[in-house]
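Residues per chain, in single letters:
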4 protein chains.
Amino acid sequence: MTVLTVAVDDATPPYEQLRRQFAQLIGSGILQPGERLPPVRQLAGDLGLAAGTVARTYRELEAAGLIRTRRGGGTRVADRPPTLTEDQRRQLLSEYASAYVGQALLVTADNRAILEAVQHALAVRTA
Amino acid sequence: MTVLTVAVDDATPPYEQLRRQFAQLIGSGILQPGERLPPVRQLAGDLGLAAGTVARTYRELEAAGLIRTRRGGGTRVADRPPTLTEDQRRQLLSEYASAYVGQALLVTADNRAILEAVQHALAVRTA
Amino acid sequence: MTVLTVAVDDATPPYEQLRRQFAQLIGSGILQPGERLPPVRQLAGDLGLAAGTVARTYRELEAAGLIRTRRGGGTRVADRPPTLTEDQRRQLLSEYASAYVGQALLVTADNRAILEAVQHALAVRTA
Amino acid sequence: MTVLTVAVDDATPPYEQLRRQFAQLIGSGILQPGERLPPVRQLAGDLGLAAGTVARTYRELEAAGLIRTRRGGGTRVADRPPTLTEDQRRQLLSEYASAYVGQALLVTADNRAILEAVQHALAVRTA
DNA sequence: GTGGTCTAGACCACC
DNA sequence: GTGGTCTAGACCACT
């Protein structure tokens, strides 16, 4: 679970950085339904955060239906994480791609490299 | 210039959202060297922000060498925006791609759609 | 910590006056690595400034790598403040000396007094 | 007269940077009583400033008694620039030296280099 | 309690 | 008219 990182110098607050990472891990299936998340205090210690900060992340993930917390039973990925309509999927994917291309163009004018970087990332993620 | 937007409900602070957007517009060449940026107060009004917030965005862009401001003379894109080494380019591109793929997998498991969305965004941007 | 002062009638803005003073205190070792800086609001109150003004000073010092701030955790001198190349050192020292001599000549034509004032200041600082 | 420079990226406003430089040139005798200063518009053009900015510098120098302006007669160094008491001289010199030492310590811990830089600057100035 | 950000409006420096 | 800085106070994120 040490895939998780928090960049202190990022203007985006830690609880939100964490939330996004969990959302990705769950949405991509790397974290499977029913799988256990690390205890709040342990994760907080590992990342150098206060427990309350991690607790807030879990609270927001639960509100979004991505995880479920049971008293004394730890925190687990929800059995059936909420889904989107096909239209919403397309819309979001298009926005993400546009944002990525915007960033990538800042860094290279090479369209081919921009595509290959995605292929590479896909290969790594779905390995 | 109304391509610029600020999402109030985003945890990332407005001055930083704006900064990133300008960085992309400049890096991708949509804003050309020497081209004028909107006056601080006008942009602030358009976006519903305080002038100081936009001023901070401009200040940070100038510190990064992307723009050049002259008191009383407006704000323009720098003549020679700073460049990166080839290694830095590759590193950044790889990070961006990884983040995009992470988001995309949240929304679809279809690798082909993930790539096509990038191709589409490229087509639009470089049109 | 009341070595710090802000001259209201100086054309140099307060945030910059403060920044320079801290830079000197840190660079000369009067403020040691790890040592705590006064809280933003306390310092602001002591100096008759708005909190945001002091906050800006701290922000710029952090950007320069001289200090390290942690949300909710106060502000401290960085562990390893950044260093300069030998060439940069010589260049800067030469500029500072030239500026000093320029000021001193305004006030006395006595070369010996100009040197002795420096010796005296050195004795005080490194005491 | 091209000894004069204005650093655009300095937080100290141009009119004040200029004022200090003239004060030094006059106080150190490099500009002699009665000697002519460059016309406002010419100097403004050379430095890339608006005429009003230079005019303000001259206005403040005249208010301080360092120069005198006569209609149609250009601007000249005052015949008897105002002087300071011996105590004021000592006090100011001490402050300047202290500021110099503060800056220098930021850049080198070598007391000897700090003194030699002053000797060098003196040699250049009084050459 | 500590730092970060934002607003609203004011004044200054500059072109 | 344009950018820069400051204030005063509010709310948020974090320890």
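Just above sits the structure.
Residues numbered from 1 in each chain as written. Chains lettered and ligands numbered in written order. Predicted model: local features only at pLDDT ≥ 70, side-chain atom pairs only at ≥ 80, totals over all residues. Heavy atoms only, no water.

Quick notes on the sheet that holds strand S2 (residues 67-70) of chain A
Residue and element names in this part refer to chain A. If you walk across this open sheet you meet the three strands as S1-S3-S2, and the pairing is antiparallel. Single-partner strands in this sheet number two, and they are strand S1 (36-37) and S2. Contacts between helix H3 (residues 51-63) and the sheet are confined to S1, S2 and strand S3 (74-77), with S2 contributing the most and set at about 115° to the helix. (Pairing = 2+ DSSP bridges. Helix = DSSP H or I, 4+ residues; strand = E, 2+ residues; numbered from the N terminus. Contact = heavy atoms within 4.5 Å. Axes fitted to C-alpha atoms, helices over the stretch in contact; angles between N-to-C directions.)

Comments concerning helix H1 (residues 14-27) of chain B
Residue and element names in this part refer to chain B. When the terminal C-alpha atoms of H1 are compared, their 20 Å separation across 14 residues agrees well with the 20 Å that a helix rising 1.5 Å per residue should span. Of all 14 residues making up H1, ten are buried, and the element is well covered by its neighbours. Those residues of H1 lying buried are Tyr 15, Glu 16, Gln 17, Leu 18, Gln 21, Phe 22, Ala 23, Gln 24, Leu 25 and Ile 26. Just beyond H1, the residue with positive phi is Gly 29, at close to 85°. (Expected span 1.5 Å × (residues − 1). Buried < 20%, exposed > 50% of the residue type's maximum accessible area, 1.4 Å probe, protein only.)

Focus on the interface of chain B and chain A
It is common to report an interface's size as the accessible area lost on association of the parts. Taken together, the contact between chain B and chain A spans 39 residues of the former and 39 residues of the latter. In this assembly, chain B packs against chain A so that about 3,600 Å² is buried in total across both faces, 74% of it on carbon and sulfur atoms. Interface area lost by chain B to chain A is led by B:Leu93, B:Tyr96 and B:Val107, which between them contribute 18%. The interface formed by chain B and chain A includes two salt bridges. Where B:Arg20 meets A:Asp10, a salt bridge forms, and the shortest distance between an N and an O atom there is 3.5 Å. Summed over the shared surface of chain B and chain A, the result is three residue pairs in polar contact (both at pLDDT 80 or more). Put simply, the parts of the chain that give the side of chain B that touches chain A at least two residues each are H1, helix H4 (86-105) and helix H5 (111-125) of chain B. Per-element tally for the side of chain B that touches chain A: the top contributor is H4(B), with 13 residues. Here the residues of the side of chain B that touches chain A sort into 23 nonpolar, eleven polar and five charged. (Buried area = accessible area lost by both parts, 1.4 Å probe. Salt bridge = Lys/Arg side-chain N within 4 Å of Asp/Glu carboxyl O. Polar contact = N/O pair within 3.5 Å; in protein donor to acceptor, adjacent residues only side chain to side chain. Nonpolar A, V, L, I, M, F, W, Y, C, P; charged D, E, K, R; others polar.)

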